[in-house]
Structures are given as structure tokens and as C-alpha cells.
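Listed below are the residues making up each chain.
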Amino acid sequence: MATLIIPPVLTSPRDDAAQLYKAFKGFGCDTAAVINILAHRDATQRVLIQQEYRAMYSEELTTRLSKELSGDNKKAFLLWMHDPATRDAIIVRQAFTSIVVDLKAATEVICSRTPSQIQYFKQIYYTMNGVYLEQDIESRTSDDHKKLLLSYVRTVRYEGPEIDCAMVERDAKALYKAGEKRWGTDEKTFIRIFCDSSSAHLAAVCYAYKNNHKNKLKDAVKSETSGLFRFGLLTILRCAKNPASYFAKQLHKAMKGLGTNDAALIRIIVTRAEIDMQYVKAEYRKKYKKCLNDAVYSETSGSYRTFLLSLLGPNY
């Protein structure tokens, strides 16, 4: 599924480490050479390069990158050097503990990941921070948003394609009763169904809801809920139906209007590059009649632009 360009010449991690060392030497850094190597290596290769670099030069590659690079390019690179689960743990922990807390970023990562991805990054989260993800959610979030996130990271959901049609109809009805049919909202029902359901089940509930009640489930969520709770529910719902479409929309939002939300741009491009970037690009073109590469090109500059475009892969 990855969209990474395979290097034209197969190199060994040792060769790559030596080339990187050469790129760092002297005055200034040959950033083009660094991008040329690291943007075109998958997670396993990057681990091996880091091991070789440490063995050969008694220094961590990430420490050197941190010294040589700056700004958004540095942020993107340092995030890219990790495997997907470690990266998720870093993003969520930073979102919770930075001076400027970014609960939206934490919510996006948690609510867009599959149950097995969540289980894996929870383990890494604890190993890295000595704190359970649930403890940070407990202390940094509140109200229904907190209940949603806690339930979502604790529930082990089914990941297969099979659905039970009777249960689908029952849940569609329950959500209607909990929201549009009554005065006020029964948030507990929304949390229970959204957190217990597999993606296939929730996508089917969406279809049944529209069939039975004329309105879309996402519109009911928008009118019945608000704030981060609403954002979390919509993220779960949209990712159940089509994760690539969800991320295409988030990228468009990050680049829309005056200025660019570089944190969101980096987070999404770096985390989806090895997962489903070709689908995100296809959805972006379908939705916005524009190539994602062109949009990123016009919003960024310098080596930061070169790096992100390398992760996006060929322009199509």
C-alpha cells in the first residue's frame, strides 16, 4: 500500500549511513542528499540505517538531523524517522503535553486508527512516557469528549468485513432515538455504538440511517453534538466509511484560506505516507479537482517542500 519511491540503485543501510555522514560534513548540510536517501526508505530500512549510523559514528542519527535541520523540515524529518506506532505515540503525547495543547490533533490520531493500531501504540506510549494513554486522556480532556476517547482506546473492536444486518438496523434506530427523535441528546448511546462497532458495521449503520430517516447520520451528529466530542464522532464515522477521503478533507482544511496549518500538513502526510497515501491523493483529486502534490507545492517552500513532495510520491 505504501507510495514510497524505491531507490533506482539498491543500497545497503551501511552505504546510506556513510552517504548521510558525508552530507552532514563541512559547512552547512546537503539537505537534498539527506532527503534523497531518507524519504525513499521504508520504516524497516530507516531503523537499519539508524543502527549503522550509531555503530559507525557513535552518534544518534536523529540527534544529528536535529542539529542540521530547522523549522518545519526538522519537525517533519524527526517524525518520519520513527515507525508508525511510535510516531502516533509521539504526536498524541506532544498534543497533550505541549505548551499549546492540541486536543484536536490527539483526537484525530486516536479516532482514525484501527483497533490493532491503537493497541500497539498504547504499549509504546507507556514504554516511552511511563504513563498510560488512558491516564493522559483522563487528566487532559473532559466531559463527553473524555468518555468517547477512553471508551475508544479501551474497546477491542472486530476488524473484519462481516456485519449483522439486524444489529445494523437496531443501532441505526437507537441513534435516531438518541438524537434527532428526542429533545436533547443521549450521548451515552452515541458513545456506545461508535466505540463498540467495527468500521464495516458503522458504515452499514450510516447507510441504514439515511435509508430509514432521510437524514445522514453525520448531519445528525453535527446538529446534536458540539466541540471536540463532535469532532471525535465525525472522525470515527468518516474513517469507518473511507479513511482516505477523511484525510484528503483534513489536508484541504490545513491548506485552505490564508496561511497553512503546517502541523496538520506534516502530521497527515508523514503518518499516511506508508499506509494509504495513493488513496488519499486519489480522493483529494476527486473532491477538489486538484492534484494534492500541486496544492502542497503552492503552500510550502524550500527543502520542506521537497521533503513532503518526496513522501507524496509521483504527481498524478
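The structure presented is a predicted model; accordingly, all values stated were derived computationally and were not measured.

S.K.: How would you sum up the overall build of the protein? Please name residues and give values.
M.R.: Across its full length, the protein carries 20 helices and 0 strands. Taking 20 Å as the expected radius of gyration for a compact globule of 316 residues, we find that the protein reaches 21 Å, a close match to that expectation. Once the C-alpha set of the protein is aligned to its principal axes, its extents read approximately 70 × 45 × 40 Å. In the protein, once contacts between residues fewer than 6 apart in sequence are set aside, the share between residues at least 24 apart is 68%. When the accessible surface of the protein is summed, it comes to about 15300 Å², and 53% of that surface belongs to carbon and sulfur atoms.

S.K.: Please set out the pattern of salt bridges residue by residue, giving values where relevant.
M.R.: In a structure, side chains of opposite charge can pair up when their charged atoms sit close to one another. Per the counting criterion, the structure on display carries 18 salt bridges. With its nearest N and O atoms 3.4 Å apart, the salt bridge here joins Lys 67 to Glu 59. Judged by its relative accessible area of 18%, Glu 59 falls in the buried class. Between Asp 136 and Arg 93 there is a salt bridge, with its nearest N and O atoms 2.7 Å apart. Here the residue Asp 136 occupies a position in helix H9 (residues 133-140), and Arg 93 occupies one in helix H6 (residues 84-97), the gap between them amounting to 43 residues. Judged by relative accessible area, which is 3%, Asp 136 ranks as buried.

S.K.: Would you mind going over the packing of helix H11 (residues 165-178) against helix H12 (residues 187-196) in detail, with residue names and values included?
M.R.: Relative orientation of the contacting elements H11 and H12 amounts to 155°, with a least axis distance of 9 Å. What the angle tells us is that H11 and H12 run roughly antiparallel. Along this stretch, H11 crosses H12, giving a crossing that reads as left-handed. Side by side, H11 and H12 meet where Asp 171, Ala 174, Leu 175 and Ala 178 of the first sit next to Thr 189, Phe 190, Arg 192, Ile 193 and Phe 194 of the second. Class assignment of the residues belonging to the contact of H11 with H12 gives a composition of 6 nonpolar, 1 polar and 2 charged.

S.K.: Got a sec to walk through the packing of aromatic side chains? Specific residues and values, please.
M.R.: According to the stated counting rule, one finds 10 aromatic pairs in the structure shown. For the pair Tyr 21 and Tyr 53, a centre-to-centre distance of 6.5 Å together with 55° between the ring planes defines the contact as tilted. Of this pair, Tyr 21 sits in helix H1 (residues 13-24) while Tyr 53 sits in helix H3 (residues 43-57), and the two are 32 residues apart along the sequence. Ring centres of Phe 190 and Phe 194 lie 6.1 Å apart, and the angle between their planes is 35°; on these two criteria the pair is classed as tilted. With Phe 190 and Phe 194 both in helix H12 and 4 residues apart, this pair spans about one turn of that helix. One exposure class covers both Phe 190 and Phe 194, and it is buried.

S.K.: Kindly report on H1, identifying the contributing residues and their values.
M.R.: With 12 residues, H1 extends 17 Å between its outermost C-alpha atoms, agreeing within 8% with the 16 Å of an ideal straight helix rising 1.5 Å per residue. Check the buried side of H1 and you find it contacts helix H2 (31-38), H3 and helix H4 (61-68). Positive phi shows up at Gly 26, right after H1, with a value of about 80°.

S.K.: I'd like a rundown of H3, residues and numbers included.
M.R.: For H3, with 15 residues, the first-to-last C-alpha span of 21 Å sits near the 21 Å given by 1.5 Å per residue. Those residues of H3 not exposed but buried are Ala 43, Arg 46, Ile 49, Gln 50 and Tyr 53. Within H3, the buried residues cover an arc of 115° as seen down the axis, which keeps them to one side. Seen from the buried face of H3, the exposed residues on the opposite side, beyond 90 degrees, are Thr 44 and Ala 55. Buried residues in H3 make contact with H1, H2, H4, helix H5 (71-80) and H6.

S.K.: Give a description of the environment of Gly 160 that names residues and reports values.
M.R.: In this structure, Gly 160 sits in the loop between helix H10 (143-154) and H11. A sequence separation of 57 residues divides Gly 160 from Leu 217, and the C-alpha atoms of the two residues are 22 Å apart. With residues near it in sequence (within four places) discarded, Gly 160 still touches Ser 198 and Ala 200.

S.K.: Explain the side chain of Glu 224 to me, using residue names and the numbers behind them.
M.R.: The topology assignment puts Glu 224 in helix H14 (residues 217-224). Of the polar contacts made by the side chain of Glu 224, one reaches the side chain of Thr 185; its length is 2.7 Å. The contact partners of Glu 224, leaving out residues within four places of it in the chain, are Gly 179, Glu 180, Gly 184 and Thr 185.

S.K.: Which residues make up the packing of helix H16 (residues 243-255) against helix H18 (residues 277-288), and what values do they have?
M.R.: For the pair H16 and H18, interaxial distance at closest approach is 8 Å and the crossing angle is 65°. For the crossing formed where H16 meets H18, the hand is right-handed. Contact with H16, carried on its side by Ala 244, Ser 245, Phe 247, Ala 248, Lys 249, Leu 251, His 252 and Met 255, involves Tyr 279, Val 280, Glu 283, Tyr 284, Lys 287 and Tyr 288 of H18 and no other residues of that element. Of the residues belonging to the contact of H16 with H18, the class tally is 9 nonpolar, 2 polar and 3 charged.

The rules behind each value
Residues numbered from 1 in each chain as written. Predicted model: local features only at pLDDT ≥ 70, side-chain atom pairs only at ≥ 80, totals over all residues. Heavy atoms only, no water. Helix = DSSP H or I, 4+ residues; strand = E, 2+ residues; numbered from the N terminus. Rg over C-alpha atoms; globule rule 2.2 N^0.38 Å. Contact = heavy atoms within 4.5 Å. Areas by Shrake-Rupley, 256 points an atom, 1.4 Å probe, with all protein chains shown as cover. Salt bridge = Lys/Arg side-chain N within 4 Å of Asp/Glu carboxyl O. Buried < 20%, exposed > 50% of the residue type's maximum accessible area, 1.4 Å probe, protein only. Axes fitted to C-alpha atoms, helices over the stretch in contact; angles between N-to-C directions. Parallel < 35°, antiparallel > 145°, perpendicular 65-115°, else oblique. Left-handed = near helix turned anticlockwise from the far one by under 90°. Nonpolar A, V, L, I, M, F, W, Y, C, P; charged D, E, K, R; others polar. Phe/Tyr/Trp six-rings, centres within 6.5 Å; stacked < 30°, edge-to-face > 60°. Expected span 1.5 Å × (residues − 1). Arc of directions from axis to C-beta. Polar contact = N/O pair within 3.5 Å; in protein donor to acceptor, adjacent residues only side chain to side chain.

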